[in-house]
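What follows is each chain in one-letter form.
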Amino acid sequence: MAPILSAPSVAVVGGGPAGLLAAQRLAEAGYPVTVFEAQPTVGRKFLVAGHGGFNLTNAEPLPDFSHRYGARQADFDRFLSHFTPTDLRQWLHSLGIETFVGTSGRVFPTDEYKPAQVLRAWLQRLAALGVQLRVRHRWLGFTPERALRLRDEATGQEFSVQPAATVLALGGASWVKTGSDGQWTSLLSAWGVTLEPFAPSNCGAEVAWSEFFRVKVGRAPLKNIALECGGQTVRGELLLTDYGVEGTPVYALTPPLRAALQTPQSALLYLNLKPDLTAEQLWQKLRAPRNGKSLAVYLEKTLRLGPPVPTLLRELAPAEAGASPESLAALLQRLPVPVTGLRPLDEAISTAGGVAWPEVDENLMLQKLPGVFVAGEMLDWEAPTGGYLLQGCLSTGAWVARGIQHWLRPQPA
Ligand SMILES: Cc1cc2nc3c(=O)[nH]c(=O)nc-3n(C[C@H](O)[C@H](O)[C@H](O)COP(=O)(O)OP(=O)(O)OC[C@H]3O[C@@H](n4cnc5c(N)ncnc54)[C@H](O)[C@@H]3O)c2cc1C
């Protein structure tokens, strides 16, 4: 190994949104910062996030916002209060990027700003602040003296640096092609850091459809439905696919679905195809005589439930289950969809698991590695889509920058 180089004051390892925001805040506070990124470019997952609508945060007010982080709500209360959704929008404004609030409170950049432009503006700001970006530099762990071991991927040369403080912002373990490969877990567990196993979050669910259903329905949306699992109900659009179901309501229900899949009972999603009607209203509508109409024609005429609903009912419920108006109404509002599993980790929008919470102090510094702070998706938290993921990553990035400033502040003699 080559000799130890002159140390940057703060090293940020991982050039995703969490790491880049920590770098910006530290550089603004006057620290020399170097970002080490294994890939040839930074922000690859940030750019992927922009493909299907670049949902940067959400306009939901704060107490409700932090509920989205489930068991970590109290921690995220602190992180979000320090770098709020409003701060995020103001930060974008300071980069010259305007935003607007879309449906369900989701915040997007206005049409003229593509994801690559947002990233470019951000990188220009980092350059102006003097942040050094070292791409193609993979972190390999720590030396026995706790210096950072790095490899220049272009030359294969290994070296080490001993910064005054380090931010690890290495991401989760999905979409490996963006660089979030989760390989860092062994580098931390070697130092006794406890890690929760990665699990897919915000992903599709698998259903063992019959061959007939797969061929007949293929991919089909079900608009304006509600989906329930584990006592949680989420409204939105469901997409039936050849492997099962996907869409915002399924993504949001991954935590209870994952829990249900770990029990011996079958994991069920309950589908409400008419969530705007009360059971009584639905039942009243279904009292209209069928007059020999097929179920498909009857559902279309009475409730405007066209294809693929009749095929879905046939697939998931025995014919007699909807024989009477009462039983049909009950079925339409609570159709059990048996889930056999979640989609593979690499396909997931985000991952649960990572650095266990008891391993970090209130500043997100690793208890076993003083001076090393962790931010972003590599911590064990999860949140639904809707802007909560990027906001969580950016708020934790800002939070560790704050923690490092405290850590590096000279102590009174
Ligand atoms: C398809 C898709 C759509 C999404 N859409 C949205 C959305 O609309 N809104 C939203 O809020 N969120 C969205 N997300 C989620 C969001 O992109 C992530 O939560 C966020 O990028 C995670 O940020 P991070 O900085 O923690 O990690 P990452 O962005 O994963 O960055 C981690 C970085 O660390 C680098 N790295 C890893 N190991 C090493 C190493 N050993 N040495 C050096 N570097 C290393 C990686 O190459 C990577 O660049 C989406 C995600 C996906 C996949």
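Residues numbered from 1 in each chain as written. Predicted model: local features only at pLDDT ≥ 70, side-chain atom pairs only at ≥ 80, totals over all residues. Heavy atoms only, no water.

1. A short note on the site of the ligand
Now for step 1: Around the ligand sit 32 residues, and of these Glu37, Asn55, Ser180, Glu377 and Leu390 come closest.
Now for step 2: Contacts to the ligand include Ala18, whose backbone N or O atom sits 3.0 Å from an oxygen atom.
Now for step 3: At a separation of 2.6 Å, an oxygen atom of the ligand approaches a polar side-chain atom of Glu37.
Now for step 4: Alone, the ligand offers 1000 Å² of accessible surface; in the complex the protein occludes 95% of this.
Now for step 5: Listing elements by their share of the shell around the ligand, those giving two or more residues are α1 (17-28), α2 (44-49), β7 (137-142) and α15 (388-408).
Now for step 6: For the shell around the ligand, a count of residues per class yields 15 nonpolar, 13 polar and four charged. (Near = heavy atom within 4 Å. Polar contact = N/O pair within 3.5 Å; in protein donor to acceptor, adjacent residues only side chain to side chain. Areas by Shrake-Rupley, 256 points an atom, 1.4 Å probe, with all protein chains shown as cover. Helix = DSSP H or I, 4+ residues; strand = E, 2+ residues; numbered from the N terminus. Nonpolar A, V, L, I, M, F, W, Y, C, P; charged D, E, K, R; others polar.)

2. Structural notes on the side chain of Thr99
Now for step 1: Secondary-structure assignment places Thr99 in strand β4 (residues 99-101).
Now for step 2: Looking at Thr99, the relative accessible area reads 15%, which means it is buried.
Now for step 3: For Thr99, the residues in contact, after removing those within four places along its chain, are Leu56, Arg89, Leu92, Val107, Phe108, Pro109 and Thr110. (Buried < 20%, exposed > 50% of the residue type's maximum accessible area, 1.4 Å probe, protein only. Contact = heavy atoms within 4.5 Å.)

3. Thoughts on the sheet that holds strand β6 (residues 132-134)
In a beta sheet, neighbouring strands are held together by backbone hydrogen bonds and run either parallel or antiparallel to one another.
Now for step 1: On the basis of which strands lie adjacent, the open sheet formed by five strands has the order β6-β2-β1-β10-β20 and parallel pairing. Only two strands of the sheet have a single neighbouring strand rather than two, namely β6 and β20 (372-374). Within the sheet, the average angular offset between the axes of one strand and its neighbour, ignoring direction, is 20°.
Now for step 2: As paired strands, strand β1 (residues 10-13) and strand β10 (residues 165-168) are joined by four bridges and run parallel to one another. Paired with Val10 across the strands is Ala165, a residue of β10.
Now for step 3: On the sheet, α15 packs against β1, β10 and β20 and is oriented at approximately 165° with respect to β10. (Pairing = 2+ DSSP bridges. Axes fitted to C-alpha atoms, helices over the stretch in contact; angles between N-to-C directions.)

4. Brief notes about the nonpolar core
Now for step 1: Grouped together as the largest cluster of nonpolar side chains are 74 residues, with contacts concentrated most on Trp122, Trp139 and Leu188.
Now for step 2: Dropping the residues within four chain positions of it, Trp139 is found in contact with Val13, Leu148, Arg149, Leu150, Leu168, Leu170, Trp184, Leu187 and Leu188. (Core = buried A, V, L, I, M, F, W, Y, C linked by side-chain atoms within 4.5 Å.)

5. Points about the UniProt feature "domain: RsdA/BaiN/AoA(So)-like Rossmann fold-like" (unreviewed entry) in the chain
Now for step 1: Mapped onto this numbering, the UniProt entry gives "domain: RsdA/BaiN/AoA(So)-like Rossmann fold-like" (unreviewed entry) at residues 9-401.
Now for step 2: Helix makes up 33% of residues 9-401 and strand 23%. Its end C-alpha atoms lie 13 Å apart. (UniProt positions renumbered as here; feature names shortened; annotations may be inferred.)

6. Quick look at helix α12 (residues 295-303)
Now for step 1: Here α12 has its buried residues at Tyr298, Leu299 and Leu303. For α12, the angular spread of the buried residues around the axis is 95°, confining them to a single face.
Now for step 2: Here the buried face of α12 lies against α11 (279-285), α13 (309-316) and α14 (325-333).
Now for step 3: The positive-phi residue at the C-terminal boundary of α12 is Arg304, with phi of around 55°. (Arc of directions from axis to C-beta.)

7. Some details on the domain arrangement of the chain
Now for step 1: If you check the domain split of the chain, you get domain 1 (10-200 + 347-408) and domain 2 (208-342).
Now for step 2: Placing the centre of domain 1 and that of domain 2 at their C-alpha centroids yields a distance of 38 Å.
Now for step 3: At the interface, eight residues of domain 1 touch seven residues of domain 2.
Now for step 4: Of the roughly 520 Å² buried at the junction of domain 1 and domain 2 (both faces included), carbon and sulfur atoms supply 58%.
Now for step 5: The largest per-residue losses of area from domain 1 upon contact with domain 2 belong to Pro200, Glu382 and Thr385, which jointly make up 57% of the total buried on that side.
Now for step 6: Counting across the domain 1 and domain 2 interface gives one salt bridge.
Now for step 7: Between Arg258 and Glu382 there is a salt bridge, with its nearest N and O atoms 2.8 Å apart. (Domains from an automatic or database assignment. Buried area = accessible area lost by both parts, 1.4 Å probe. Salt bridge = Lys/Arg side-chain N within 4 Å of Asp/Glu carboxyl O.)

8. Details of the pattern of salt bridges
Now for step 1: Per the stated rule, a full pass over the model turns up 16 salt bridges.
Now for step 2: Of the charged contacts, one joins Arg138 and Asp181 as a salt bridge, the two residues approaching to 3.5 Å between their closest N and O atoms. Taken together, the residues span a long stretch of sequence, with Arg138 in strand β7 and Asp181 in the loop between β10 and α7 (185-189) at a distance of 43 residues.
Now for step 3: Judged by its relative accessible area of 23%, Asp181 falls in the partly exposed class.
Now for step 4: Here the salt bridges do not stand alone but share partners, grouping Arg138, Arg151, Glu153 and Asp181 into one network.

9. Some words on the environment of Val167
Now for step 1: Relative to the helices and strands, Val167 is located in strand β10.
Now for step 2: Using a relative accessible area of 0% as the deciding quantity, one classes Val167 as buried.
Now for step 3: Along the chain, Val167 and Glu98 lie 69 residues apart, while their C-alpha atoms are 29 Å from each other.
Now for step 4: Leave out the neighbours within four places in its chain, and Val167 touches Ala11, Val12, Val13, Ala22, Leu26, Phe373, Val400 and Ile404.

10. Describing the packing of aromatic side chains
Aromatic ring pairs are described here by two measures, namely the spacing of the ring centres and the angle between the planes.
Now for step 1: On inspection of all chains with the given rule, the structure shows 17 aromatic pairs.
Now for step 2: Aromatic pair Phe46 and Phe54: ring centres 5.0 Å apart, planes at 70°, arrangement edge-to-face.
Now for step 3: For Phe54, a relative accessible area of 5% translates into the label buried.
Now for step 4: An aromatic cluster of at least three residues, connected via ring pairs, comprises Phe65, Tyr69, Phe76, Phe79, Trp357, Trp381, Tyr388 and Trp399.
Now for step 5: Its end group placed over the ring of Tyr270, Arg334 keeps NZ or CZ at 3.6 Å from the ring centre. (Phe/Tyr/Trp six-rings, centres within 6.5 Å; stacked < 30°, edge-to-face > 60°. Lys NZ or Arg CZ within 6 Å of the ring centre and 35° of its normal.)

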